[in-house]
Structures are given as C-alpha cells and as structure tokens.
Amino acid sequence: MLSEQVQAKIEHELKKYPADQKQSAVMAALRFVQDEKGWISSDDMADVAIYLGMPKMAVYEVATFYHMYKLQPMGQHTLTVCTNLSCQLMGSNETLDYIKSKLGIGLNEVTADGKFGLREAECMGACIDAPLMTVNNRRLCARLTPEKIDRILTKLSAGGELASGEENVR
Amino acid sequence: MSGPVIFNTLQFDQPWTLENYLKVGGYQALRKILAEKTPPEAIIAEVKTSALRGRGGAGFPTGLKWSFMPRNYQGDKYIVCNTDEGEPGTCKDWYILRFNPHALIEGMAIAAYTMSVKTGYNYVHGEIFEAYERMEAACEEARAAGYLGKGILGSDFEFDLHNHLGYGAYVCGEETALLESIEGKKGQPRFKPPFPASFGLYGKPTTINNTETFASIPYIIRESGQKFLELGKPNSGGTKLFSVSGHVNNPGNFELPMGTPFAKLLELAGGVRHGHKLKAVIPGGSSMPVLPGEIMMETDMDYDSIQKAGSYLGSGAVIVMDDTVCMVKALERLSYFYFEESCGQCTPCREGTGWLYRIVHRIEQGEGRPEDLDLLLSLCDNIAGRTICALGDAAAWPVQGMLKHYRHEFEYHIEHKRCLV
C-alpha cells in the first residue's frame, strides 16, 4: 500500500495532467515512494501500477529506464557524483576517490552502518560549478573540495539535513 | 553577469521574484498583446524579424516553427518547454529557472496566446531539483497574481503551465523522447514524421522550444524583433547564453551578443587557468566536434562563424581544455556517456556506442591496435544518420572531431601505451 502522504502527493501531481492521462504522474509517483523509503521495490511498483491504473510492466519499464531511481537500498543518504567531461577536467575522479576513501566503500555500495551509499552520474547540467554531486537527488553540492565534502559528511552523519541551495554557489 | 534579454534581474538580491521581474518591464509584453488583441500572425512576424533561432542546439528558426501549428484545429494543443539540460557543458537553462523563471513563464504565455494553446509543460532535468522547486514556486506566484490561469489580466485568454521533473535520462532532451516521458513512458524517441506540430503530446498538435528560446520572447515583443536582431547579427539575432566550463579561472554563464569573439568570452571567463595554455575547445556542448584553441581564438560565437570553423554553436556550452588534457582520456569519457545514455532502440546506436567506447577505452589503457583509428571512423559512418534520433550523430561527432585534429595523440597512445601530454 502507498502511504497516505505519498497518495496525497500523487493526487497533487495528477492535477497537472488531463484526467484520462494518469500515467503521466508515474515518474513523480516513483520519486515520492523513493523519497519516503529510500528505494523502490517490486512491490512498490505494483502499488504504483494499481494506483495509476497501469500495467505493472509499464511501471517497471519507467523505474528501470531513468537512472535516478534506486532499485536497491542505497543508504540513508545517497551521494551521486558526476564524472562527465566538465567535472573530470575539474578533478571529479579525485573527488570520487576522496569520498570512497572517506566512506570506505566503492561505487554502488553502502557503508556498514547504512548511512551512506555512493553512485556515479552522467551530466547534472550545472557544469560551470564542477565538480558536483547530489545528495538524495535533491541537493546539488557544487565546486567540491575535500573540506567541503568533510563538512557535508559531518553534517549528514550527525543527523543534519542540507537546506535548499546550502552547498550551491550563486 | 547581467544581460539585456534574460539575465536582466541579476542585479537584485533575489533575482527570481515576481516583484523584481516587474521592475525590469516584466509581463509588459503579455499585457500589451492582451490589451491590444494583437493578431497571432503579427506576433509570429515579429519573432521572424528577430531572427531568433532555437537555443537548445539545433538552431531552427523559432517564428517558422510556431507557424507550423495548425490554426484551425479543434481540440487540445500543447506547448512544451525543454529544460532537460544534460548535454555535458550545458547549464544555461538551469540559471534561467533559478534566476529569472518569470521570463520563461511570460515567454510561454505569449507563445500560448499566439498558437491558441491552453496548457503548457516545462520538462526539467532531474538533477536540478532545487531549480524545479523554484520554478514551481514561480508558477504559483504567477497564478496568484493573475499571469497564469483563467482570464489572464482581465482578458478571456486562458493558459496554465505545469512542471514535469525528469529523472536522469539524457535522451529525454530529444523532443519526442521528452513527450514520451511526459506521457509516463520510457523516453524513447519517436519516428518522424509525423512531427510534433501534428502529432505531439498525447497525440495532439504540440510545439516544443528550449527554455532560453521562450525566455527571449518577452524582450522581442516588448522592445521589438528588430531591436533583438540588432543585438546580434543577421541570421543570428539577439544575445545568447554561453556556459563556460572546464579549465578557466572564472567559469560561469554569460549573456553576450551573438557574434561575440571567442577570445572575448574567454577573457570574461577569466582566461585559461593560472599559467596554462589553451589547447582545445568544444564550442557547443559535448556532441559538437572539438576545435583546436588557435582556431577558436580566431572565431566568433554565432551559428555561421562556428560552422565555418568546422563545428557547431549547439547549445552554446563551451568546454575549455588546457595543455594538460590527454585527448584520448577526454574522448573516452564522452564515449562512455553516449554508450550509457543510448536508449537502445536503434541497433547502430545501441551496439555502436558501446563499440566506440570499448575501442577508445582500450587505446587509453595502452591496448590499442594500429587499425583501431580507421575502425573508429568506419563505425562513426555507420552510426551517424542511421538512427531515429540524433543521439547517434552526437556519439559520432566527438570521435570524428578528435581524430581530425588530434589523431597524432591517439597514434602516440597506441604506439607508446601512454599519454603524449
């Protein structure tokens, strides 16, 4: 069952689309589930399918096509690092290595305490502020340096959250 | 850095608010056409005069595109804004959503009036969630103030705009893949024809424009198409947003007249980083062929000049590389990107992008073979132009550009199993 909160968010999203095009809300619905649970299971996909009146396979196709959906647990905080060309030129390989050594995990792995997971991304569309990463797909952290990464990890480890734009630059 | 057309609110502490947009003439253009009941033909003529060309990369004349929408069609029609910016190097539309969302809203409202459309969608790149939230808030603000919704500014014109968040798929920047994605499907491009103007979103007539294109419209209607044209040069009207990333001291987004010399743009971006020399530039997003620095230093930033130099203006995303860059390594990363992002629908792209990547990867690893370079070029010939969408071309062009100008680096890598630089 989808939680009441997720259902309310889907209802809000459905208002954007024609009444006979409920499937248009599937990307948002999967995002809401992921934001709530941390990842999307096969059962979650079935729930979304029932809610929107779609074949489960059609939901599965969407969940597996778009990279930002997580189909396995990826930690309480998922860090996603861009390594594409503009970021690479600005040292994203070193950024990624630094995070790996700080957390003691590799790509697509989760720390033993379940706090952090690490992923790699293609272009995030903010290349002038490279190197970049996102936290939980919601917070863009720009012009990363070891000091900045330390600050972010310390804050998240202590149970804090990043505010909107907190680690962005103007 | 401020600019006359789009970055005209940047001097304010909170450039994105309705209040500040109104201070720079915001919504005057919409108010004027609604009060004067300007005929749609006159608006299209004004946009044609401006020589505004699509800012997403293809450079198609905007006025002409708008004229393709069937006038007398009974039933729903749509306009769609493409803010799915995922072409490496490109991040200008991200700034529009963050710093001047109302220019986009007004531009789309004018487009909707012109094409008799009641509903618009703005498809936003998944990773810039904070910009999506700001755009959602700006739409709420516009709705509350009567710039969106029913009876806009006391007229009988009705238009509403909704934002749709993507979730990590470069191919959705292709307009028909984007439509599939709004429909709640995998983002796989559609075969054309039929073109979106006759069969678009939900099978209805649809016009899709880039964010910067829509955001340029208020200026054209408020100030005139001629004035916009004169900001730039013939056949490349207006200003353009340039995203300068890579090895410069001051990377950023710059609004500059079309035809600005690259040397000037580089200077504004602080020059090549401390003490290094300019080696190469990708002038219009990662898909466009790379050009050597010395050619770029003699080239102006507009459609025709860059084409003459052997590449394309594309999205206006300029990736600067200094003399420390190994071109094999740079191409390896780009080829991996296209391999990763191919939607898998067309065999030449699905198989070819992986093949390109594996060859460049083995050259980078010191396992390249002398015949590999000709094989790469032959693969490019068998991908480009043989797929439903342009992702195949986008994968081939960087390979062709690199081998045209830097073949010796690849040969060196194959022979010596290490970088030339």
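Residues numbered from 1 in each chain as written. Chains lettered and ligands numbered in written order. Predicted model: local features only at pLDDT ≥ 70, side-chain atom pairs only at ≥ 80, totals over all residues. Heavy atoms only, no water.

(A) Helix H7 (residues 146–157) of chain A, seen in detail. All names here are of chain A. Over its 12 residues, H7 runs 16 Å from end to end, which matches the ideal 16 Å to within 8%, given 1.5 Å per residue. Of all the residues in H7, the buried ones are Lys148, Ile149, Ile152, Leu153 and Leu156. When H7 is viewed along its axis, its buried side chains cluster within an angular range of 130° and face the same direction. Away from the buried face of H7 by more than 90 degrees, exposed residues Glu147 and Thr154 are located. Tucked into the core, H7 has its buried residues touching strand E1 (77–82), helix H6 (92–103), strand E2 (116–121), strand E3 (133–135) and strand E4 (139–141). A positive backbone phi angle near 90° is found at Gly159, which sits one or two residues after H7. (Helix = DSSP H or I, 4+ residues; strand = E, 2+ residues; numbered from the N terminus. Expected span 1.5 Å × (residues − 1). Buried < 20%, exposed > 50% of the residue type's maximum accessible area, 1.4 Å probe, protein only. Arc of directions from axis to C-beta. Contact = heavy atoms within 4.5 Å.)

(B) How the structure looks around helix H17 (residues 391–416) of chain B. All names here are of chain B. An ideal rise of 1.5 Å per residue puts 38 Å on 26 residues; H17 reaches only 33 Å between its terminal C-alpha atoms. Residue Tyr406 marks the point of greatest curvature in H17, where the axis turns by about 90°. Just downstream of H17 lies Lys417, where phi reads positive at about 55°. (Bend = angle between axes of the 7 residues up to and from the residue.)

(C) Spotlight on the packing of helix H2 (residues 28–36) of chain B against helix H9 (residues 211–223) of chain B. Residues and elements named next belong to chain B. Axis separation between H2 and H9 bottoms out at 8 Å; the angle between their running directions is 55°. With respect to their mutual orientation, H2 and H9 come out oblique. Where H2 crosses over H9, the handedness of that crossing is left-handed. Counted together, Gln28, Ala29, Lys32 and Ile33 of H2 and Pro218, Ile221 and Arg222 of H9 form the full contact between these two elements. In terms of residue class, the contact of H2 with H9 is built from 4 nonpolar, 1 polar and 2 charged. (Axes fitted to C-alpha atoms, helices over the stretch in contact; angles between N-to-C directions. Parallel < 35°, antiparallel > 145°, perpendicular 65-115°, else oblique. Left-handed = near helix turned anticlockwise from the far one by under 90°. Nonpolar A, V, L, I, M, F, W, Y, C, P; charged D, E, K, R; others polar.)

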